[in-house]
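Inside the fold
One-letter residues, chain by chain:
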Amino acid sequence: MREYELSPSLLSADFGYVMRDVDSISSCCKFLHLDVMDGHYVPNLTIGVPVIKSIRKHSDLIFDTHLMITNPEEFIEPFAECGSDYITFHVECTDKPFELIEKIRSLGKKAGISIHPDTPEEKLYPFLEKGAADLILVMSVRPGFGGQSYIPESTARIASYRKKLDENGSGAILSVDGGINVKTVKEAADAGAKLLVAGSAVFGKEDPGAAARELFELLGE
Ligand code: DX5
Ligand code: ZN
């Protein structure tokens, strides 16, 4: 068992050769991060249910679906049915986060909750209680695009969440998303993130498998 895992973000892959890119990381990674954007919560559009469903037919990776959409409650079922293993929504996008977590779990999936860097960190405290969520996703860039720089203040936020999760005896996975690369991966991991999402630093490289292995090495894995 590794202490740290990578979740390469497909956003930076070549969608014309999507399975070639997924296969390139499959022997060294367990997770695949799938970014769903709706053009409302974030100023960009990406993939949705049909693409995830198609990739699911050809991959056994753990699908870490990240919903950056304004109305997540309307889409939990389709994203569960298309093959997601984790479904993460944004705390900014719903008034009923606990119901949503319940819904995701009732469909046999793991429930994650994410927070925008401009949202006060306290907003996620209720979800750091034992059993409240399965994954906590700290955004370390403003969601919407790959290839942005890691926001330095994210490190303190990760450390604060790590401390609270441990104090509460929560087994939720602490994940970080945005600007994770050879320069920042260790800092985020040292602060307490266990699942490191990396898009451009993996799929943006000529050899994504080699890039992922290099990140694992920096993590001591
Ligand atoms: C951004 C997405 C990220 C993105 C990360 O809103 O949620 O998952 O793919 O890309 P990098 O690793 O290039 O910052
Ligand atoms: Zn993401």
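Residues numbered from 1 in each chain as written. Chains lettered and ligands numbered in written order. Predicted model: local features only at pLDDT ≥ 70, side-chain atom pairs only at ≥ 80, totals over all residues. Heavy atoms only, no water.

Describing the pattern of salt bridges
Under the definition given, this model contains 12 salt bridges. For Lys 30, the salt bridge goes to Glu 5, with nearest N and O atoms at 3.3 Å. Of this pair, Lys 30 sits in the loop between α1 (18-26) and β2 (31-37) while Glu 5 sits in strand β1 (residues 5-8), and the two are 25 residues apart along the sequence. Take Lys 30: its relative accessible area is 37%, and that puts it in the partly exposed class. Taking the shortest distance from any N to any O, the salt bridge between Glu 77 and Lys 103 comes out at 2.7 Å. Within this pair, whereas Glu 77 is found in helix α3 (residues 76-81), its partner Lys 103 is found in helix α4 (residues 97-106), the two being separated by 26 residues in sequence. Connected through salt bridges with shared partners, the residues Arg 2, Glu 5 and Lys 30 form a single ionic network. (Salt bridge = Lys/Arg side-chain N within 4 Å of Asp/Glu carboxyl O. Helix = DSSP H or I, 4+ residues; strand = E, 2+ residues; numbered from the N terminus. Buried < 20%, exposed > 50% of the residue type's maximum accessible area, 1.4 Å probe, protein only.)

Digging into the coordination of the zinc ion (ligand 2)
With distances of 2.0 to 2.3 Å, the protein atoms coordinating the zinc ion (ligand 2) are His 33 (NE2), Asp 35 (OD), His 66 (ND1) and Asp 177 (OD). Here the zinc ion (ligand 2) is ringed by 6 donor atoms whose angles at the metal span 71 to 170 degrees, and the overall shape comes out octahedral. Sequence spacing of the donor residues for the zinc ion (ligand 2), all on one chain, is H-x1-D-x30-H-x110-D. Here the residue Asp 35 occupies a position in strand β2, and Asp 177 occupies one in strand β7 (residues 173-177), the gap between them amounting to 142 residues. Across this residue pair, the class does not change: Asp 35 and Asp 177 are buried. (Donors = N, O, S within 2.8 Å, 3.2 Å for Na, K, Ca; no water. Tetrahedral: all angles 85-135°; square planar, octahedral: opposite > 155°, others 65-115°.)

Looking at the site of ligand 1
In the neighbourhood of ligand 1, 20 residues make up the surrounding shell, with Ser 9, Gly 144, Asp 177, Gly 199 and Ser 200 lying closest. One of the side-chain N or O atoms of Ser 9 is found 2.7 Å from an oxygen atom in ligand 1. Side-chain polar atom of His 66 to an oxygen atom of ligand 1: 3.3 Å apart, as the coordinates give it. Protein chains shield 100% of the accessible area of ligand 1, which is 380 Å² for the free molecule. Here ligand 1 is seated within the largest pocket. Among the secondary structure elements, those contributing two or more residues to the shell around ligand 1 are β2, β3 (62-68) and β8 (195-198). Examining the composition of the shell around ligand 1, we find that 3 residues originate from one element, β2, more than from any other. (Near = heavy atom within 4 Å. Polar contact = N/O pair within 3.5 Å; in protein donor to acceptor, adjacent residues only side chain to side chain. Areas by Shrake-Rupley, 256 points an atom, 1.4 Å probe, with all protein chains shown as cover. 1 Å grid on protein atoms, 1.4 Å probe; cavity = no way out; pocket = protein on both sides within 12 Å on 5 of 7 lines; lining within 4 Å. Sits in = over half its atoms within 2 Å of the grid points.)

As for the side chain of Thr 155
If you trace the backbone, Thr 155 turns up in helix α5 (residues 154-168). Residue Thr 155 is classed as buried on the basis of its relative accessible area of 18%. Separated by 2.5 Å, the side chains of Thr 155 and Glu 187 make a polar contact. Not counting chain neighbours up to four residues away, the residues in contact with Thr 155 comprise Tyr 150, Glu 187 and Ala 191. (Contact = heavy atoms within 4.5 Å.)

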